[in-house]
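Next come the chains, spelled out residue by residue.
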2 protein chains.
Amino acid sequence: MRKLPAKLASQLYGAAELIAERGLDGTKIEDIAEATGIPKATIYYHLDGKNAVLEFLLGDLLDMIAGAVGVAVASEENARTRLEAAVLAQLGVMLEHPSLCRALVGDLGRATRLPELAAALRTAFYEPIEQLLAEGVSDGSLRQVADPGAVALSVFGAITVAGLSAAVEGPSADPSADASRFSAAVSELVLDGLATPASRVQRRGEAL
Amino acid sequence: MRKLPAKLASQLYGAAELIAERGLDGTKIEDIAEATGIPKATIYYHLDGKNAVLEFLLGDLLDMIAGAVGVAVASEENARTRLEAAVLAQLGVMLEHPSLCRALVGDLGRATRLPELAAALRTAFYEPIEQLLAEGVSDGSLRQVADPGAVALSVFGAITVAGLSAAVEGPSADPSADASRFSAAVSELVLDGLATPASRVQRRGEAL
DNA sequence: TCTTGGTTTGTACTGTGAGTACAACATACG
DNA sequence: CGTATGTTGTACTCACAGTACAAACCAAGA
């Protein structure tokens, strides 16, 4: 069941828009069959039902993200620079595939309840960040924080929500321009914070 | 259909855990009837079906959040301080009601497709932040950023994902302690960022 | 060519669960 | 009382996921 012929795989993408629009519940198998051109019986021959369709589509998205982020993270730069690259990479892929992202948001619950997807979600989105923050402390390019786990989670949230929202706002004319714009905003926030220099000085005094 | 007797309302909360655990799809109306002690026929007398059950529960959660955040935001302090208070308030409510939060994550798609809920979500989570960031620029307690909309979205993501994850990790012994811990981490990130002082100086030079 | 084994597809079926209809009953309030 | 409003059980309908299965199709080799 894991190797789904390439032709069918590509046809299946025709269902992404549909699922994104109406949610998996609101989408009948018959609709998927019609939209993709794959007859219902064939779908069931290869896949274990509706969930498997979602699993296939989202699994692919998550792989792409994990891949792109993996490349961004693997460079020689310091962690801080790689973090910026990772943010850009993640947002890039997300904005390139808005309907998959919309499907992800729409069926997040189901996704987190499908064990393989839940794991892929973690690997694609969360783990690279967590890793990078730790490395940044080691190489001195990022600050040490009191609660690294919680902070990593927040950074993850900042990036991901920005990406998902952007994707949900309907597809843009120039995804990669949007990705740069959003990634600049996210990096600015995550690296520099929102405090004014004045209040920061006072605060740094407290902290150190 | 909007005034659901108090007694029934309180009974309905008995379904929250169930829905959080299995998702709305995985939960039969009969299960809800059994868990809450409200017979199926009565549920249908007051509510327009399953979705309405979710809508009721989440609507309540969102009202609580909007309320608590509203109070936090209404003080006389500067925007920066109120932002910290708002973060604490939001996380406080979320951690107080973990199963509602889990239900929200699990059926986020449905929630965003229910117009009233989608609006409530915006009001509860996003708008106060957006507002506060703007006020912070006016009163000088927060920095001006290049793309305020995108940054507000990220801040919103940072807070909300932290809260949701915490809620999903199963209920804690001391929700309010957890709320303080998480809110400290989120505020630290959002206000001060992760850059080291050294790289910050260099950066500030670029920006101003 | 014929055979064999996987794939493809149509059609017809089963089962489950949401939502509805309705009648009997309770309760309240004038 | 009796009329209105809520409560509940029971017995439906209906849509759709998933299954069964047989017929056709399409290699690829003997």
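Structure: above.
Bear in mind that the values here come from a model prediction, so they are computed numbers and not experimental data.

### Thoughts on the interface of chain A and chain B
- Counting residues at the interface gives 51 residues for chain A, matched by 51 residues for chain B.
- Summed over both sides, the interface of chain A with chain B buries roughly 4500 Å², with 55% coming from carbon and sulfur.
- At the boundary of chain A with chain B, the tally comes to six salt bridges.
- Note that R181 of chain A is salt-bridged to D147 of chain B, the shortest N-O span being 2.8 Å.
- Taken together, chain A and chain B are joined by 16 residue pairs in polar contact (both at pLDDT 80 or more).

### Let's talk about the protein's contact with DNA strand D
- Close to DNA strand D lie T27, K28, I29, K40, Y44, G49 and K50 of chain A together with P39, A41, T42, Y45 and H46 of chain B.
- One nitrogen or oxygen atom from the side chain of K28 of chain A is found 3.2 Å from a phosphate oxygen belonging to DNA strand D.
- At 3.2 Å, a side-chain N or O of K50 of chain A approaches a phosphate oxygen of DNA strand D.
- Mapped onto the surface near DNA strand D, the elements with two or more residues apiece are α4 (40–46) of chain A together with α4 (40–46) of chain B.
- Broken down by element, the surface near DNA strand D gets its largest block of residues, four residues, from α4 of chain B.

Rules of the game
Residues numbered from 1 in each chain as written. Chains lettered and ligands numbered in written order. Predicted model: local features only at pLDDT ≥ 70, side-chain atom pairs only at ≥ 80, totals over all residues. Heavy atoms only, no water. Contact = heavy atoms within 4.5 Å. Buried area = accessible area lost by both parts, 1.4 Å probe. Salt bridge = Lys/Arg side-chain N within 4 Å of Asp/Glu carboxyl O. Polar contact = N/O pair within 3.5 Å; in protein donor to acceptor, adjacent residues only side chain to side chain. Near = heavy atom within 4 Å. Helix = DSSP H or I, 4+ residues; strand = E, 2+ residues; numbered from the N terminus.

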